[in-house]
Amino acid sequence: MHVVGDLLGVKRRRTRRALRAARMIDEVVDTQLPLLAAFDEQRRRRSADYLAELVKLAQDYRCFANGWIDAAELDRRGRRAVTELTRLRTSSRSA
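About the criteria used
- By convention here, each chain's residues receive numbers from 1 onward along its written sequence.
- Restriction of local features to residues with pLDDT of at least 70 applies here, the model being predicted, together with a cutoff of 80 or more for giving and counting side-chain atom pairs; totals for whole chains, interfaces and linings are based on all residues.
- Only heavy atoms go into the side-chain values, all of them from the structure, while hydrogens and water stay out.
- In this description a helix means any DSSP run of H or I spanning at least four residues, a strand means any run of E spanning at least two, and both kinds are numbered starting from the N terminus.
- In this scheme, a residue with accessible area under 20% of its type's maximum is buried, one over 50% is exposed, and one in between is partly exposed, where area comes from a 1.4 Å probe on protein chains only.
- Note on contacts: a residue pair qualifies if any of its non-hydrogen atoms lie within 4.5 Å across the two residues.
- In short, Shrake-Rupley with a 1.4 Å probe defines the accessible areas, and a residue's cover is counted only from the protein chains shown.
- The length a helix should cover is 1.5 Å for every residue beyond the first.
- Polar contacts, as used here, are pairs of N or O atoms within 3.5 Å; protein pairs need one atom able to donate a hydrogen and one able to accept it. Residues neighboring in sequence count only if both atoms are side-chain atoms.
- How sure the predictor is of each residue is captured by pLDDT, a score from 0 to 100.
- Throughout this description, the term salt bridge denotes a Lys or Arg side-chain nitrogen within 4 Å of a carboxyl oxygen of Asp or Glu.

(A) View of the overall build of the protein. A count of helices and strands for the protein gives three helices and zero strands. Along the protein, helices and strands appear, N-terminal first, in the series α-α-α. The buried share of the protein, taken over its 95 residues, is 25%. For the protein, the proportion of contacts with a sequence separation of at least 24, taken over those separated by at least 6, is 62%. For the protein, the accessible surface area stands at approximately 7,000 Å², while carbon and sulfur atoms represent 56% of it.

(B) Summary view of helix α2 (residues 41-65). Given a rise of 1.5 Å per residue, 25 residues ought to cover 36 Å, and the 36 Å separating the end C-alpha atoms of α2 matches this to within 8%. Burial in α2 covers these residues: Ser47, Leu51, Glu53, Leu54, Leu57, Ala58, Asp60, Cys63, Phe64 and Ala65. Capping the start of α2 is the job of one residue whose side-chain oxygen sits 3.1 Å from the backbone nitrogen of glutamine 42: aspartate 40. Two residues or fewer past α2, glycine 67 is found with a positive phi of approximately 80°.

(C) Structural detail: the confidence of the model for the protein. Per-residue confidence for the protein gives a mean pLDDT of 90; residues scoring 70 or more make up 86%. Here helix α1 (residues 2-32) stands out as the element of the protein with the lowest mean pLDDT, 85, in contrast to α2, whose mean of 96 is the highest.

(D) Looking closely at the pattern of salt bridges. Scanning the entire structure with this criterion turns up nine salt bridges. Glutamate 53 is paired through a salt bridge with lysine 56; the nearest N and O atoms lie 3.3 Å apart. Of the two residues, glutamate 53 and lysine 56 both sit in helix α2, three residues apart, roughly one turn of that helix. Glutamate 53 sits in the buried class, given a relative accessible area of 5%.

The structure is reproduced here in structure tokens:
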């Protein structure tokens, strides 16, 4: 019975951590979003794409916290997000 309690504790900690990560990402997006108005159209579009990718990642953390996806899927989505963010960042340098 003690093992089951330990597993539930681990799950609760993972859930809290995932929700905390989602909130942190939301705060970054909320802070950066008002700044887009000051950018030229091309930079605004690239920045909006970047922020949209962060919003999707925050949603992935919420899906994990709700048990809709497992840790392996969250990891896969996180790696895809990092790859896309890197692509967006490097393409903005060459533009």
